[in-house]
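# Topology and contacts: notes
The lines below spell out each chain.
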Amino acid sequence: MIGNKHKLSYERRRGVVGYVFLIPWIIGAAVFFMYPFLQSVVFSFSDVTFENRKIITKFVGLNVYKAVFIEDPTVFRMMISSIGQTLLYTVCVLIMSVFLAIILNQSFKGRSFWRLIFCLPIIVSSGLVLEVFKNDLTFQAGTSDATTIFQSTVLSQLLLDMGIGDSVINAVVTAVNNIVDILWMSGVQILLFITGLQSVSPMLYEVCDVEGATAWQKFWNVTFPLLTPYIMLNVVYTIIDISTATTNSVMKSINGYYRNVMYSRGSAESVGYFLMILVILGIAAAVMSKRTFYIDK
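All figures in this text were calculated on a predicted structure; none of them were measured in a lab.

Let's shift gears to the overall build of the chain. Along the backbone of the chain there are 14 helices and two strands. Counting all 297 residues of the chain, 30% fall into the buried class. Residue pairs at least 24 apart in sequence account for 68% of intrachain contacts in the chain once pairs closer than 6 positions are excluded. Approximately 19600 Å² of the chain is accessible, and the part contributed by carbon and sulfur atoms is 67%.

The structure is reproduced here in structure tokens:
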């Protein structure tokens, strides 16, 4: 009985400490997320005008949503296309980051330098730097043909000759053409996967070696299951990161509305896009949570 009381008291102390650490996040979320989000919801149901430097809202119901999503069908198609591209990029980023994390977790000379290189996007975190880097890579060396190191024409023709479907070819070609973007978006994910790899007990691999397991078997039976919590975390992070990037077509459209002082249409599009991304995140989290392995359990 005494042991249970002490255990309950310890759990309560841990809960209090956890809430204390969450206080800055709660305040930040309330000030920088909830208030602007609620304001956007109000704007999306209103006709927004300006008088004497004040925002005047007039409730118009669903008229703004009808104008954005029904009368202009290109908006919904743009959102669907953006979500499809986001999911494709998410898969590519996860595969690339797992592959690079496994390599960077090995012991070799210059490992710290290469870790810094692949984590450079975390330090820089600027779309302008990425554009400059891509322009340097695609520099035309005085030739008349627009040749780049990421040209995928040969790959596309090769896949077509193999009888692979157009949808798969388009996905592969898109990934190859945007390999720099994928690498640039993989910095945080690589760091998280390296953390997950370092948390795996070496004793598990020693048992595999005793049993004569191959590297392939060790990956799928030990490494991959223990990385599933980090995979779920990276899936959620990557979807949010890509869907809110400044290069995203929907974000460009929303920013264009706000720059043109069309707050009602911009707010309606942003709220609709937010709900679509929220549904995608809910589905992804629900599906992956059933397949996530925790060694403590």
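So, on to the environment of Phe193. Along the chain, Phe193 falls in helix H10 (residues 187–198). Taking the C-alpha atoms as reference points, Phe193 and Ser97, 96 residues apart in sequence, are found 7.4 Å from one another. Those residues in contact with Phe193 that lie beyond four places of it in its chain are Leu94, Ser97, Val98, Ala101, Leu227, Tyr230, Ile231 and Asn234.

Think of it this way: side chains of opposite charge can pair up when their charged atoms draw near. Per the counting criterion, the structure on display carries one salt bridge. The residue Lys218 makes a salt bridge to Asp209 at a minimum N-O spacing of 3.1 Å. Look at Asp209 and you get partly exposed, because its relative accessible area is 47%.

Let's shift gears to the packing of helix H12 (residues 215–243) against helix H14 (residues 263–289). Between H12 and H14, the shortest axis-to-axis distance is 10 Å and the interhelical angle comes to 165 degrees. Between H12 and H14, the angle is such that the two are roughly antiparallel. As for how H12 packs across H14, the hand of that crossing is right-handed. Between H12, through Ile231, Met232, Val235, Val236, Ile239, Ile240 and Ser243, and H14, the contact on the second element is made entirely by Tyr273, Ile277, Ile280, Leu281, Ala284, Ala285, Met288 and Ser289. Tallied by class, the residues present in the contact of H12 with H14 amount to 13 nonpolar, two polar and no charged.

Okay, the pairing of strand E1 (residues 46–51) next. Pairing of E1 with strand E2 (residues 54–59), which is carried by six bridges, proceeds in the antiparallel orientation. Note that in E2 the partner of Phe50 across the bridge is Ile55. Counting the residues in the hairpin turn of E1 and E2 gives two residues, including Asn52, whose phi is positive at 55 degrees.

Another point: the packing of aromatic side chains. The description of two aromatic rings rests on the distance between their centres and on the angle between their planes. The tally for this structure, following the rule as stated, stands at 12 aromatic pairs. Relative to Phe37, the ring of Phe33 has its centre 5.9 Å away and its plane inclined at 10 degrees; by these criteria the two rings are stacked. Separated by four residues within a single helix, Phe33 and Phe37 lie in helix H1 (residues 2–44), roughly one turn from each other. With a centroid separation of 5.8 Å and an interplanar angle of 70 degrees, the aromatic rings of Trp216 and Trp220 are classed as edge-to-face. Taken together, the residues span about one helical turn, with Trp216 and Trp220 both in helix H12 at a distance of four residues.

With that settled, the discussion passes to the packing of helix H3 (residues 73–104) against H12. Relative to each other, H3 and H12 sit at 135 degrees, their axes nearing to 9 Å. In terms of orientation, H3 lies oblique with respect to H12. Seen from above, H3 lies across H12 with right-handed handedness. Residues Thr86, Leu87, Tyr89, Thr90, Val93, Leu94, Val98 and Ile102 of H3 touch H12, and the partners they reach there are Phe219, Ile231, Asn234, Val235, Thr238, Ile239, Ile242 and Ser243. Counted by class, the contact of H3 with H12 contains 11 nonpolar, five polar and no charged residues.

Right, let's get into unusual backbone geometry. Positive phi values are uncommon outside glycine, yet Val261 reaches one of about 60 degrees. If you trace the backbone, Val261 turns up in the loop between helix H13 (249–259) and H14.

This paragraph deals with a nonpolar patch on the surface. A cluster of nonpolar side chains, namely Val16, Val20, Ile23, Ile27, Val31 and Phe32, defines an oily patch on the protein surface of about 600 Å² accessible area. Mapped onto the secondary structure, Val16 falls in helix H1.

What follows is about the side chain of Ser264. Among the structural elements, Ser264 can be located in helix H14. Judged by its relative accessible area of 10%, Ser264 is buried. There is a polar contact of 2.6 Å between the side chain of Ser264 and the backbone oxygen of Ser46. Residues contacting Ser264, with those up to four places away along its chain left out, are Phe43, Ser44, Ser46, Asp47, Val48 and Val64.

This next bit is on the side chain of Ser44. Counting through the fold element by element, Ser44 comes out in helix H1. Polar side-chain contacts of Ser44 include one of 2.6 Å to the backbone oxygen of Val41. Sequence-distant contacts of Ser44, that is, excluding residues within four places in its chain, are made with Gly61, Val64, Tyr65, Ser264, Ser267, Ala268 and Val271.

Turning next to the environment of Leu116. Secondary-structure assignment places Leu116 in helix H4 (residues 111–118). Assessed through its relative accessible area of 46%, Leu116 is described here as partly exposed.

Conventions and cut-offs
Residues numbered from 1 in each chain as written. Predicted model: local features only at pLDDT ≥ 70, side-chain atom pairs only at ≥ 80, totals over all residues. Heavy atoms only, no water. Helix = DSSP H or I, 4+ residues; strand = E, 2+ residues; numbered from the N terminus. Buried < 20%, exposed > 50% of the residue type's maximum accessible area, 1.4 Å probe, protein only. Contact = heavy atoms within 4.5 Å. Areas by Shrake-Rupley, 256 points an atom, 1.4 Å probe, with all protein chains shown as cover. Salt bridge = Lys/Arg side-chain N within 4 Å of Asp/Glu carboxyl O. Axes fitted to C-alpha atoms, helices over the stretch in contact; angles between N-to-C directions. Parallel < 35°, antiparallel > 145°, perpendicular 65-115°, else oblique. Left-handed = near helix turned anticlockwise from the far one by under 90°. Nonpolar A, V, L, I, M, F, W, Y, C, P; charged D, E, K, R; others polar. Pairing = 2+ DSSP bridges. Phe/Tyr/Trp six-rings, centres within 6.5 Å; stacked < 30°, edge-to-face > 60°. Patch = residues over 30% accessible without salt bridge, like charges linked within 9 Å, V, L, I, M, F, W, Y side chains within 5 Å. Polar contact = N/O pair within 3.5 Å; in protein donor to acceptor, adjacent residues only side chain to side chain.

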